[in-house]
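Read off the chains here:
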Amino acid sequence: MWAYSNPVRIEFGAGAAGKLGKIIGRRRWALVTYDMPVFRGIAASIQAEAGPPSVVIDNIVTNPDVRDLALSCRQFAAAPSKPEVIVALGGGSIIDAAKVVAAAQGDFARVMNALTGGAALDGSTFTPIIAVPSTAGTGSEVTSWATVWDQESGNKYSLAHGALYPEVAIVDPQLTLGAPQGLTLATGLDALSHALESIWNVSANPISSNHAVAAAREILDVLPKLMKDLGNAELRERQARAALMAGLAFSNTKTALAHNISYDITLHAGTVHGIACSFSLPTVMRWSLGRSAACDATLRRILGDDLTVGAERLTAFLEGLGVSTRPSSYGLSPADWRALVTKASQGERGRNFIGRHDLAD
Ligand SMILES: NC(=O)c1ccc[n+]([C@@H]2O[C@H](COP(=O)([O-])OP(=O)(O)OC[C@H]3O[C@@H](n4cnc5c(N)ncnc54)[C@H](O)[C@@H]3O)[C@@H](O)[C@H]2O)c1
Ligand SMILES: [Fe+2]
């Protein structure tokens with residue numbers, strides 16, 4: 001038995017961001033975005049149709065941290081009239097920050113208590129979100145969770161609640177046209193990681209796997225071309241569609257071991273999320289082989305009949321894009337790597353993994 005569901009309405013295509021004003025409608029809205037001229041310009045064009053936002057929250061740069069989020073929530077509370085909808089215009093960090101703001105309702109302690117003490121949150125109080133991604137990678141526009149970072153204490157939390165699914169995802173590939181090479185690579189590989197991690201996953205099902213196959217096959221083809229032709233609108237559109245499909249895949253499974261391995265690397269070495277969660281994919285894939293006939297069959301649809309060769313193909317793909325697949329490249333000694341993998345296997349995402357690592361515990 002299995003089940004699949006995703007309640008997010010998706011508006012996709014070049015120029016789709018133009019629908020934002022109509023989708024906001026007559027509602028009072030809050031804007032969460034980056035403090036960057038290009039995004040301020042897009043926000044100005046929305047205002048022509050939807051009027052000015054009640055509040056603009058633009059203090060998040062990347063990897064939303066508890067300190068910054070506390071300020072974002074205070075800014076939301078200070079809006080002269082309470083926003084009825086939140087527009088999240090930016091990458092995964094912005095969409096995740098918007099989810100925290102939506103759940104906190106002006107009081108970040110409410111979210112922090114849920115993250116650290118397991119206090120229940122009442123989803124009926126959350127402000128609805130319209131997610132407008134500016135990167136093609138995280139899939140946060142179709143998932144019901146947000147990653148919250150605490151750099152100071154070295155912790156990473158996941159805020160998860162069914163009411164955090166955005167009301168609408170407006171995926172306009174044109175918004176990604178200005179993304180520089182490093183960001184395009186990292187976000188593209190994040191999406192590949194979401195697709196593959198939803199396959200070697202205890203919660204994989206035929207629908208999530210179909211989305212994952214479509215996404216991964218496309219990314220393996222498109223990303224190397226896109227790296228050489230960042231201004232190509234057609235390649236941007238294909239990558240945005242693939243990242244969205246990867247999002248739909250892992251929205252029902254969450255991620256697995258490669259993601260759990262990544263968090264400490266990002267916290268301690270500062271490696272960007274998309275690289276930290278993808279360099280180990282060939283290794284994690286090898287640990288998955290032979291564990292589940294369904295998983296092997298799904299991987300064959302992406303990487304060919306011989307999965308040992310397939311794992312080598314994945315290594316060559318990453319290395320060809322300049323991403324080292326060796327833990328030592330991320331400052332990890334063999335002992336560090338063993339300890340990290342052992343710890344990651346025991347974490348929530350690690351327990352989603354169907355395989356078993358073959359390092360000595
Ligand atoms: N909730 C989820 O399902 C989910 C899934 C994966 C990752 N994440 C989280 O998402 C975050 C990473 O998000 P991200 O990779 O999208 O990047 P990001 O949102 O952190 O953005 C990184 C930087 O890229 C710049 N940028 C973004 N879009 C741009 C554009 N179109 N043009 C020029 N510059 C642009 C911004 O200056 C920003 O500071 C991590 O914190 C990760 O944990 C969440
Ligand atoms: Fe990710």
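Higher on the page you've got the structure.
Overview of the structure. (Residues numbered from 1 in each chain as written. Chains lettered and ligands numbered in written order. Predicted model: local features only at pLDDT ≥ 70, side-chain atom pairs only at ≥ 80, totals over all residues. Heavy atoms only, no water.)

1. Quick look at empty space enclosed by the protein
Then step 1. As enumerated under the stated definition, the model contains 1 cavity of 30 Å³ or more in all.
Then step 2. Size it by volume and the largest cavity reaches roughly 60 Å³.
Then step 3. Every residue lining the largest cavity is listed: S134, T135, A136, T176, A179, T184, T187, L226, R236, Q239 and A240.
Then step 4. Every element with two or more residues in the lining of the largest cavity is listed here: α6 (181-199) and α8 (233-250).
Then step 5. The element that contributes the greatest number of residues to the lining of the largest cavity is α8, accounting for 3 residues.
Then step 6. Along the lines of polarity and charge, the residues of the lining of the largest cavity split into 4 nonpolar, 6 polar and 1 charged.
Then step 7. Formed jointly, the lining of the largest cavity draws a minimum of three residues from each of two domains, domain 1 (9-174) and domain 2 (179-351). (1 Å grid on protein atoms, 1.4 Å probe; cavity = no way out; pocket = protein on both sides within 12 Å on 5 of 7 lines; lining within 4 Å. Points joined across faces, edges and corners; volume = space filled by probe spheres on them. Helix = DSSP H or I, 4+ residues; strand = E, 2+ residues; numbered from the N terminus. Nonpolar A, V, L, I, M, F, W, Y, C, P; charged D, E, K, R; others polar. Domains from an automatic or database assignment.)

2. Structural notes on the site of ligand 1
Then step 1. Of all residues adjacent to ligand 1, which total 29 residues, the nearest are Y34, T62, N63, S93 and T135.
Then step 2. At a separation of 2.6 Å, an oxygen atom of ligand 1 approaches a polar side-chain atom of Y34.
Then step 3. Contact between ligand 1 and D96: a nitrogen atom at 2.8 Å from a side-chain N or O atom of the residue.
Then step 4. In the complex, the protein chains occlude 88% of the 870 Å² of accessible area that ligand 1 would expose alone. (Near = heavy atom within 4 Å. Polar contact = N/O pair within 3.5 Å; in protein donor to acceptor, adjacent residues only side chain to side chain. Areas by Shrake-Rupley, 256 points an atom, 1.4 Å probe, with all protein chains shown as cover.)

3. Notes on the side chain of D150
Then step 1. Mapping D150 onto the fold places it in strand β6 (residues 145-150).
Then step 2. Of the side chains with opposite charge, R67 comes closest to the buried, unpaired D150, at an N-O distance of 5.5 Å.
Then step 3. The residues contacting D150, other than those within four sequence positions of it, are D65, V66, N155, Y157 and L267. (Buried < 20%, exposed > 50% of the residue type's maximum accessible area, 1.4 Å probe, protein only. Lys, Arg positive; Asp, Glu negative; His and termini not counted. Salt bridge = Lys/Arg side-chain N within 4 Å of Asp/Glu carboxyl O. Contact = heavy atoms within 4.5 Å.)

4. Comments concerning the sheet that holds strand β8 (residues 168-171)
Then step 1. With parallel pairing, the 6 strands of this open sheet are ordered in space as β1-β8-β5-β4-β2-β3. Two strands bound the open sheet, and with one partner strand each, they are β1 (9-12) and β3 (55-57). Neighbour-to-neighbour, the strand axes of the sheet open up by a mean angle of 15°, direction not taken into account.
Then step 2. Of the strand pairs in this sheet, strand β2 (residues 29-33) and strand β4 (residues 85-90) are connected by 5 bridges, and their pairing is parallel. (Pairing = 2+ DSSP bridges. Axes fitted to C-alpha atoms, helices over the stretch in contact; angles between N-to-C directions.)

Geometry only, nothing functional implied.
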